[in-house]
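This is what each chain is made of:
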Amino acid sequence: MTSKSRWKFLAMLALVLVAVMVWYSISREDRYVELFYFPITEKKEPCSQGEAERQASKIFGNHSREKPIFLQLKDYFWVKTPSAYELPFGTKGSEDLLLRVLAITSYSVPESIQSLECRRCVVVGNGHRLRNSSLGSVINKYDVVIRLNNAPVAGYEGDVGSKTTIRLFYPESAHFDPKMENNPDTLLVLVAFKAMDFHWIETILSDKKRVRKGFWKQPPLIWDVNPKQIRILNPFFMEIAADKLLGLPIQQPRKIKQKPTTGLLAITLALHLCDLVHIAGFGYPDAYNKKQTIHYYEQITLKSMAGSGHNVSQEAVAIKRMLEMGAVRNLTYF
Ligand SMILES: CC(=O)N[C@H]1[C@H]([C@H](O)[C@H](O)CO)O[C@](OP(=O)(O)OC[C@H]2O[C@@H](n3ccc(N)nc3=O)[C@H](O)[C@@H]2O)(C(=O)O)C[C@@H]1O
Ligand SMILES: CC(=O)N[C@@H]1[C@@H](O)[C@H](O[C@@H]2O[C@H](CO)[C@H](O)[C@H](O)[C@H]2O)[C@@H](CO)O[C@H]1O
């Protein structure tokens, strides 16, 4: 081989190598390397009482832990607790509807959670990263498993587990067959975004005439749940997720409503309820990755989220910050 053709050969080799590297990085779900991933052991994680509280106080301030997780009748019946903001950041203007809902639901944190010496929690996001993760048995080992919206477990147990301690939802995200996707004692926690969300749960639980208008997607008209399972999330957590994690304005013009995703809200909640907070299934593809499906259970892309009022890149920054400071740990990659 002459020296000229040797150089040609080496240049070709380098080109092929670069092409393979580019192909590899594009074929990945997105361009993040496996940052903030920790290997999973079969043992229960060591749990330090008060750890999440210490971390939460750094992010949300010292007094956020004093807030009740769920709204209580006594705060709206005898004493009319004033709220500075309207839904979804407060209850201002929705008190009457809320009062009727609180009269037929409950607010207690179940004894099974109260009695734990140290609360190990995992928040399971709906992200595609859970697919083929085989994390099911790991997820089932946590004391509290928090799930979101209509994310299924049936048929996905190997990847996402089958235990659901808490599920956050709103009418448009309620699963039509709640018995199939939850356990008999799962707490179904309503995240209210508008007064109609209180009205919907009232009509369901009291079997009153359903209202079809006022929702961006038709919620269930019949919903087979036990009222004892229902809780109403304190909108305070939506307020601090928006303010302290995303720096969003709380008072916004009616049309442009920026708000945290339900997953970010769930992490905020977990940092107030738990001693240890792990997450799994969080992280969106990059915006240019238009064909990548976002859920572990259905084929939809980022396009479906246009008009949702979420800024997923800003949320990724907030989650990375929490991972870096050790407030939460990640079972999948980010
Ligand atoms: C069309 C639409 O409005 N989609 C919204 C859906 C939809 O309403 C429900 O799935 C019910 O069908 O709900 C949302 O979210 P969604 O139900 O998709 O996902 C729940 C939470 O998981 C985290 N997630 C999800 C996918 C992904 N690739 N990475 C993630 O990190 C997010 O934190 C997300 O909140 C929602 O409530 O936040 C936000 C989505 O914008
Ligand atoms: C004013 C109004 O109803 N806006 C709707 C948004 O709330 C809704 O976003 C969705 O609103 C939900 C609350 O109802 C959750 O925040 C969810 O994460 C978010 O995606 C989008 C969905 O495509 O449709 C608009 O018409």
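Thresholds, definitions, all that
- Residues numbered from 1 in each chain as written.
- Chains lettered and ligands numbered in written order.
- Predicted model: local features only at pLDDT ≥ 70, side-chain atom pairs only at ≥ 80, totals over all residues.
- Heavy atoms only, no water.
- UniProt positions renumbered as here; feature names shortened; annotations may be inferred.
- Disulfide = S-S within 2.5 Å.
- Helix = DSSP H or I, 4+ residues; strand = E, 2+ residues; numbered from the N terminus.
- Near = heavy atom within 4 Å.
- Polar contact = N/O pair within 3.5 Å; in protein donor to acceptor, adjacent residues only side chain to side chain.
- Areas by Shrake-Rupley, 256 points an atom, 1.4 Å probe, with all protein chains shown as cover.
- Axes fitted to C-alpha atoms, helices over the stretch in contact; angles between N-to-C directions.
- Parallel < 35°, antiparallel > 145°, perpendicular 65-115°, else oblique.
- Left-handed = near helix turned anticlockwise from the far one by under 90°.
- Contact = heavy atoms within 4.5 Å.
- Nonpolar A, V, L, I, M, F, W, Y, C, P; charged D, E, K, R; others polar.

- Looking at an unreviewed UniProt entry, one finds the chain named CMP-N-acetylneuraminate-beta-galactosamide-alpha-2,3-sialyltransferase 4 and attributed to Peromyscus maniculatus bairdii.
- According to the UniProt record, the Subcellular location (unreviewed entry) comment for the chain reads "Golgi apparatus, Golgi stack membrane".
- According to UniProt, the comment filed for the chain under the heading Pathway (unreviewed entry) is "Protein modification; protein glycosylation."

## Description of the state of the cysteines
Step number 1: Evaluation of the coordinates by the stated rule reveals 2 disulfides.
Step number 2: Between C47 and C118 runs a disulfide, and the two sulfur atoms are separated by 2.1 Å. Residues C47 and C118 are joined by a disulfide whose S-S torsion is about -80°; by sign, that bridge is left-handed. A residue pair is termed long-range when its members are at least 10 positions apart, and C47 in the loop between α1 (3-27) and α2 (51-60) and C118 in the loop between α4 (111-114) and β1 (120-124) qualify at 71 residues.

## Section: the site of ligand 1
Step number 1: Inspection of the region around ligand 1 gives 24 residues, with N149, Y170, T262, G263 and H295 positioned closest.
Step number 2: Contacts to ligand 1 include Y170, whose side-chain N or O atom sits 2.6 Å from an oxygen atom.
Step number 3: I294 places a main-chain nitrogen or oxygen 2.9 Å from a nitrogen atom of ligand 1.
Step number 4: Protein chains bury 91% of the 730 Å² of accessible surface belonging to ligand 1 in isolation.
Step number 5: Among the elements that make up the shell around ligand 1, the one with the highest residue count is helix α10 (residues 262-273) (3 residues).

## Some remarks on the packing of α10 against helix α11 (residues 312-324)
Step number 1: Running from amino to carboxyl end, α10 crosses α11 at an angle of 25°, the nearest separation of the two axes being 11 Å. In this view, α10 runs roughly parallel relative to α11, as classed from their interaxial angle. For the element pair α10 and α11, the recorded crossing hand is left-handed. Every residue of α11 that contacts α10 at L264, I267 and L271 is listed here: E315, I319 and M322.
Step number 2: Counted by class, the contact of α10 with α11 contains 5 nonpolar, no polar and 1 charged residues.

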